[in-house]
Each structure stands twice: as C-alpha cells, then as structure tokens.
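As a plain string of letters, each chain reads:
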Amino acid sequence: MRHDHRRLGRELGLFDTDPLMGAGLPYWLPDGAVVRHTLEEYVREAERAAGYRHVYSPVLGKRELYEISGHWDHYSEDMFPPMELGAEQVVLRPGLCPHHALIYRSRSRSYRELPLRLAELGGMYRSEPSGVLGGLTRVRAIQLNDAHIFCTLEQAVEEARAALALISRAYADLGVRAARHRLSLPGGGGKYVADPALWERATALLREVLDTSGVEYEAVEGEAAFYGPKIDVQITDPAGRESTLSTVQIDFHQPERFGLRYTGPDGARHRPVMVHRSVIGSVERAVAHLLEQHGGALPVWLAPVQLAVLPVGEAQEERAHDVVRRAGELGLRAAVTAAGEGSLGARIRRSRLVPYQAVLGTREAEDGLLAVRLRDGRRPGALPVEELLRRIAERADRRGTALWDPA
C-alpha cells in the first residue's frame, strides 16, 4: 500500500497502541489529539450552523434500553457482554440512537419544535473480533459523529437531503472523494426488523432524497441497518478497498418502539420520523482515511503543525521563537525546528509534510522577513512576517485543501 495510515500515524506521532490497553483500543498522542480536536470542532461548528443542538449522553445503558430499541435482538453479537450492577444489567452502548430517543421523549413535544436536530460526538463500543482489528479503521472504542433529527413525515425528505448536502460540503473541506453512493437495502436472513410496510416507506423516501439530490447511486441488498434502509457514502483506500464513511437513514421503527409523539396543529398526537445522520462517521476511520488519501499531508486547517520555523543558526533562534509566539496569537499552530536538530536540509526534509516551512537567516531576521517554502515545492519567496502569518491564517480559516492564494 502506497500510504498506510498506521505507518503515517507512527511517523507523524499521532497515535499508537499498547497491549496493556488492549487490541483495538488506540490512544492519541499530542499531535494526534490536535487533529482529532480540530476535526471534532469543525463538525460541531458545521452542525451548529445547520441548526443542530448538541447533547451528551452516557456510554452505558440498561440492557432493557437495547431490548426496546431492537439492538439486543438483532445486534447483540457485536455488543460487549452485560455487566451486573446489583439486580440490573448494563451494557456498553453499540450506538447513540436509543439515548437520543430518550432525550426526545423526556418531555412533551409540539410540531412547532420540529424538526428537532440533536447531535453528539459520543463514544460507542463494538465487540470486534481480534482478527479484523487494525490501526484506526477497525477499533473497539469508537468516537462517533452522530445526529438524529426528529421531524414530521413531510419534513423527512428535506432533512435527509440537507444532511446529504452537509456531508458533501464537509468532504470538499476535507479533500475527501466519495467513491459512490449506495442505497443499502435488507437482504435475506432474520437480522432485520420484520415490518415490510415500514421498510417500503423508508426506502421510497430515501430514493426520493437521492433522485432529487442528483446523486448517482446503486441499490445493494444485505447492507441495511437492522431497523431500516440507509444511504451509505462509500470511500476507497489507496489499495482500492471500499468502506462506509458517512450515512443517512430514515427510521420509522425506533420512534414506534419508544412510543415517541408530538402534538400536531390539530391537537392530536402524531408519531415523528427519526432521521439518523453521520457527517464523518467515526473520528477514527475519518482520520485514517484522511492520512491515507493525503499521504499524511493534511489540509492546512487540520495539520497538527501548520508552520515550521527553521532558523539557519543559533543566532536566529530567539527571533524564530518570537515568530511562533506571534503565530499563536493568530490561532496558528507553529513550531521551531532548531539549528541543533540537524542541517537545514535535513530539517526541511523532516518537515516535508508541514504545509509551510519558513527559513530564517541573517538577512531575514534583520529585515523582518521569512523565506517561505510550501510543502508542494513552491517558493513564494521572502515575505514580511506579519503578512505571511496573516495569509496562512486566512487560508486556514477558509478551510479546503489549497495551500496558497495569489496576492
């Protein structure tokens, strides 16, 4: 494989594992935590702008909760065993949707509140067999970018379509290419909820979402969630292996199981529709894919170090640290690669995945300049420190994958 995220993760110091923590339970190193935090805040900001409200819910739930949701009957082989707490059994959650259903029904709801968009970046756990675990792509502890939209039947298509558009915008900012869109339908066997009428309604609505969005798609049997069909946004790694990153689902099953209601304009009680939606799926799989797709050269706004300042000699190091301080005041992540860490050429090579490398020699230090190099090989030349920092900050704020804009 040309770019393996496990090798890149070690080279960049982003994440690692330890047998004492256990297989499938990676930990994030400081630079990896920067990437993860930046990605999570990006998603939260995008969701807030799209009208989502954020919640927190516990990673444990009573077994009875998952019996109601259907997870226990249809998904228990992928769940960790129950833990005994007195007379009760609690389970590490395999998904966030049951918790959000309980948050919805915590009080009475009116049609005026709908659509109610609840989002959470929350932990979930799956008992993956050890033979399939690897890096960040298959793990047992997952940080999921999840959301559930409670809406009327008439609102469901537009909400699902807006979720698909939100995914598309995020992919553009992240430099992610969707390989294809898949309408995932049930297959044979008993792992699906047995209610043909609900399946037909949900499938018809998702087809309408895809058709009106102008998205080409393939219908594939056997890939649906146990409670309903879904739109899967498929990605491929450098070896051509395909996986799902983002999903949109329309669910009639769980609102019925949890007895969810809202009061309509007619004063009567009605059942809401539940739209499940994930923009980047799990943070772990998203970071793994970004590392492999970009070969470790993450977009400017996501890179753990955005600017490497390279003093030619020790005489320029005080000035270099001043540049890093001023970069920090603009919200940039900058670091000094000191002269004692090797020759200038060696330090430039070591910083090859950093978006911007600023060389600081005697003349630059005297004139308040930085000789900037871009990681793609371009050399815009020497610029005043404040101008360079401003341009990098503006580029990062606009997100996307471009490195440099014309003056």
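As the structure is a prediction and not an experimental result, all values here were calculated from the model.

A few words now on the sheet that holds strand β5 (residues 83–85). Read from one edge of the open sheet, three strands run β4-β6-β5, paired in antiparallel fashion. Sheet topology places β4 (60–62) and β5 at the edges, where each strand pairs with a single neighbour. Between one strand axis and the next, the sheet turns by 40° as a mean value, whatever way the strands run. Here β4 pairs with strand β6 (residues 88–92) via three bridges, running antiparallel. Opposite L60, over in β6, you have L92 as the bridge partner.

As a further point, take the sheet that holds strand β19 (residues 369–374). Strand order in this open sheet of five strands is β17-β16-β18-β19-β20, and the pairing throughout is mixed. At either margin of the open sheet sits one strand with a lone partner, and together these are β17 (334–336) and β20 (381–384). Neighbouring strand axes in the sheet, compared pairwise and without regard to direction, differ in orientation by 30° on average. Its contacts with the sheet place helix α10 (residues 317–329) against β16 (307–311), β17, β18 (356–360) and β19, and it is angled at close to 170° to β17. Those strands touched by helix α13 (residues 385–397) are β16, β18, β19 and β20, and its axis lies near 95° from that of β20.

Three- or four-residue spacings in an α-helix give side chains the same orientation, since the helix completes a turn every 3.6 residues. With six of eight residues buried, helix α5 (residues 97–104) lies mostly within the body of the structure. Looking at α5, one finds that the buried residues are C97, P98, H99, H100, A101 and Y104.

Under the criterion given, the structure shown has 34 salt bridges. Residues E41 and R44 are paired through a salt bridge, measuring 2.8 Å at the closest nitrogen-oxygen approach. Taken together, the residues span about one helical turn, with E41 and R44 both in helix α2 (residues 30–49) at a distance of three residues. Judged by its relative accessible area of 16%, R44 is buried. As a salt-bridge pair, E128 and R138 come within 2.8 Å of each other at their nearest N and O atoms. Of this pair, E128 sits in the loop between β7 (116–125) and β8 (141–151) while R138 sits in the loop between β7 and β8; the two residues are ten residues apart in sequence, bridging distant segments of the chain. Looking at R138, the relative accessible area reads 31%, which means it is partly exposed. Each of R319, D322, R325, R326, E329 and E386 takes part in salt bridges that share partners, so that together they form one network.

Here is what the cut-offs are and how they apply
Residues numbered from 1 in each chain as written. Predicted model: local features only at pLDDT ≥ 70, side-chain atom pairs only at ≥ 80, totals over all residues. Heavy atoms only, no water. Pairing = 2+ DSSP bridges. Helix = DSSP H or I, 4+ residues; strand = E, 2+ residues; numbered from the N terminus. Axes fitted to C-alpha atoms, helices over the stretch in contact; angles between N-to-C directions. Contact = heavy atoms within 4.5 Å. Buried < 20%, exposed > 50% of the residue type's maximum accessible area, 1.4 Å probe, protein only. Salt bridge = Lys/Arg side-chain N within 4 Å of Asp/Glu carboxyl O.

These values are about where atoms sit, not about what they do.
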